[in-house]
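# Structure assessment
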Amino acid sequence: MQVYLDNSATTMPCEAAINSALRLMKEEFGNPSSLHSKGFDASQILEQSRGVIADSLSVSPNCIYFTPCGTVSNNTAIFGAANTLKRRGRKIVTTAFEHPSVAKCMDKLSEDGFDVVRIAPDVNGNIPLSEFESAIDENTVLVSLMAVNNEVGTVLPFDKIKKIIKRKNSYALLHVDAVQGYMKINIKPEKCGIDLMSVSAHKVHALKGSGALYIAKDVRIKPYILGGGQENGICSGTQAMPNIAAFSAAVKELGDIKSRYEKISELGFYLKNELLKIDGVYLNSPDDAIPYIINISLQGIPSQVSVNYMSSKGICISAGSACSKGHRSEALTAMRLSPERIDSAVRLSLCYNNTKEEMDYFTVTVKNAFSELSKK
Ligand code: PLP
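Description of the structure in this document.

How each quantity is defined
Residues numbered from 1 in each chain as written. Predicted model: local features only at pLDDT ≥ 70, side-chain atom pairs only at ≥ 80, totals over all residues. Heavy atoms only, no water. Pairing = 2+ DSSP bridges. Helix = DSSP H or I, 4+ residues; strand = E, 2+ residues; numbered from the N terminus. Axes fitted to C-alpha atoms, helices over the stretch in contact; angles between N-to-C directions. Contact = heavy atoms within 4.5 Å. Patch = residues over 30% accessible without salt bridge, like charges linked within 9 Å, V, L, I, M, F, W, Y side chains within 5 Å. Areas by Shrake-Rupley, 256 points an atom, 1.4 Å probe, with all protein chains shown as cover. Salt bridge = Lys/Arg side-chain N within 4 Å of Asp/Glu carboxyl O. Buried < 20%, exposed > 50% of the residue type's maximum accessible area, 1.4 Å probe, protein only. Phe/Tyr/Trp six-rings, centres within 6.5 Å; stacked < 30°, edge-to-face > 60°. Core = buried A, V, L, I, M, F, W, Y, C linked by side-chain atoms within 4.5 Å. Near = heavy atom within 4 Å. Polar contact = N/O pair within 3.5 Å; in protein donor to acceptor, adjacent residues only side chain to side chain. Nonpolar A, V, L, I, M, F, W, Y, C, P; charged D, E, K, R; others polar. Parallel < 35°, antiparallel > 145°, perpendicular 65-115°, else oblique. Left-handed = near helix turned anticlockwise from the far one by under 90°.

Here we take up the sheet that holds strand β8 (residues 211-215). Ordered in space as β2-β8-β7-β6-β5-β3-β4, the seven strands form an open sheet in which the pairing is mixed. Sheet topology places β2 (64-67) and β4 (115-119) at the edges, where each strand pairs with a single neighbour. Geometrically, the sheet is characterised by an average inter-axis angle of 20 degrees between neighbouring strands, direction not taken into account. The sheet strands contacting helix α3 (residues 70-85) are β2, β3 (91-95), β5 (140-146), β6 (173-177), β7 (196-200) and β8, and the helix crosses β7 at an angle near 165 degrees.

In structure tokens, the structure reads:
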């Protein structure tokens, strides 16, 4: 049996995404900037796709800028905001468990003289609003936080930060890295006062090579990538049309967030219950984490050994987050788990394609892992 439980690393492209990409590669291969019929056709598809992503967030298409991935969206938002506002202040507030595509931008801004405050999560993997309240002041020019943590699945209070920024008379722009939250939870950037928001196509059953940055109507940031001025100058470079068309096809296909959330909740609840019946399995994700991400420790089995064992049985999972190879997890360290728990942690990440039979197969394989690996 093949079981894919690494959907936070990447998802399997859906049929609609694959068919759209193929059609664009075979038939509609024009450059949307070209001034002939093939170009006009491509440009029409580009704008239709923009409309679909905009609709999924209930915003105007003018606020959506296509990028090559979540990483470029994050870099564009963070460097763009910092460069635009640096005369107003030099303080940036973020969290201590951001994805490297945010954390490393913060390292660079810190080297360049910004005062970067990184708030650590509490033992539940959460960051209480009061921590942001204390950190944000009138010198803060950017607040950047993820919507959903990629390792343990906690939902951060991104929807309540704008009020604090206003109360503190700060010029800060609010950037949300919604790569793990987009299409899993309902995020309405306009309603929450989000200024900049990053999403990525390959996490929502589309292809690698496309993402988007939402920029609120009244917000102007300096571009980070310079070139031919595509995407209104925000992200130059010829748009990856097959990927963009696939992105919008996948988002259309995903449809209703709530019913999918309910299905995954049921499946996740079942899996957690079955796993917790096994001696030596510990749940690291907090109870209020999204059901799509389940972080567990298998006592006494190093993370990579579990990943290899599962892989040999046809199951794909990841050791913590796929991007944190060789580093002890920031989230689990901040949650003050013991080194043994952290070093035996694995992340299971679900999608709508997973079944109860797959959960049963995974559970049995965990039992077998304990008996077979402890013999060695
Ligand atoms: N932000 C978060 C929270 C992520 O989990 C990831 C990827 O795993 C990214 C950003 C980067 O997205 P991409 O792979 O599209 O560059």
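On the surface, Ile18, Leu22 and Met25 cluster together to form a nonpolar patch covering roughly 250 Å² of accessible area. Accessibility expressed as a relative area gives 37% for Leu22, which makes it partly exposed.

The subject of this paragraph is the pattern of salt bridges. Taken as a whole and judged by the stated rule, the model has 13 salt bridges. Taking the shortest distance from any N to any O, the salt bridge between Arg167 and Glu133 comes out at 2.6 Å. Taken together, the residues Arg167 in helix α6 (residues 161-167) and Glu133 in helix α5 (residues 129-135) connect sequence positions 34 residues apart. Note on Glu133: relative accessible area 26%, which makes it partly exposed. In this structure, Lys160 and Asp159 form a salt bridge, with 3.6 Å as the shortest nitrogen-oxygen distance. Assessed through its relative accessible area of 36%, Asp159 is described here as partly exposed.

Let us now look at the sheet that holds strand β10 (residues 293-298). Taken together, three strands build an open sheet; the order of strands is β9-β10-β12 and the sheet is antiparallel. Every other strand in the sheet has two partners, leaving β9 (281-283) and β12 (345-349) as the edge strands with one partner each. Put simply, the sheet's adjacent strands are angled 35 degrees from each other on average, direction ignored. Taken together, the three bridges between β9 and β10 define a ladder with antiparallel strand orientation.

Take the packing of aromatic side chains next. If you walk through the whole model with that rule in mind, you get four aromatic pairs. Ring centres of Phe66 and Phe247 lie 6.4 Å apart, and the angle between their planes is 70 degrees; this geometry places the pair in the edge-to-face category. In this pair, Phe66 is assigned in strand β2 and Phe247 in helix α8 (residues 241-254), connecting sequence segments 181 residues apart. For Phe66, a relative accessible area of 3% puts it in the buried group. Judged by centre distance (6.4 Å) and plane angle (80 degrees), the rings of Tyr182 and Phe247 are edge-to-face. Highlighted residues: Tyr182 in the loop between β6 and α7 (189-192) and Phe247 in helix α8, separated in sequence by 65 residues.

Attention shifts here to the nonpolar core. Counting 117 residues, the largest nonpolar core has Phe132, Phe247 and Phe362 as its most contacted members. Sort the elements by how many residues they give to this core and α8 lands first, with eight residues.

The next point concerns the site of the ligand. The environment of the ligand is made up of 14 residues, and the closest members are Thr71, Asp177, Gln180, Ser200 and Lys203. Taking Asp177, its side chain carries an N or O atom lying 2.6 Å from a nitrogen atom of the ligand. One of the side-chain nitrogen or oxygen atoms of His202 is found 2.9 Å away from an oxygen atom of the ligand. Of the residues that constitute the shell around the ligand, the class distribution is three nonpolar, nine polar and two charged.

With that settled, the discussion passes to the packing of α3 against helix α4 (residues 100-111). Two elements in contact, α3 and α4, have axes separated by 9 Å at closest approach and are oriented at 30 degrees. It follows from the interaxial angle that α3 and α4 lie roughly parallel. Between α3 and α4 the crossing geometry is right-handed. Contacts from Thr71, Asn74, Asn75, Ile78, Phe79 and Ala82 in α3 reach Ser101, Val102, Cys105, Met106, Lys108 and Leu109 in α4. The class makeup of the residues in the contact of α3 with α4 is seven nonpolar, four polar and one charged.

As a further point, take the pairing of β2. Burial along β2 is two-sided: the face carrying Ile64 and Phe66 and the face carrying Tyr65 and Thr67 are both buried. Where β2 and β8 come together, four bridges link them in antiparallel fashion. Bridging from a neighbouring strand, Phe66 pairs with Ala212 of β8.

Two numbers describe a pair of packed helices, the interaxial angle and the distance between the axes. For the pair helix α2 (residues 37-56) and α8, the least separation of the axes is 9 Å and the interaxial angle reads 35 degrees. Considering how the two elements wind past one another, α2 and α8 form a crossing that is left-handed. On α8, the residues that touch Ala42, Ile45, Leu46, Ser49, Val52, Ile53 and Ser56 of α2 are Met241, Ile244, Ala245, Phe247, Ser248, Val251 and Lys252. Taken together, the residues of the contact of α2 with α8 sort by class into ten nonpolar, three polar and one charged.

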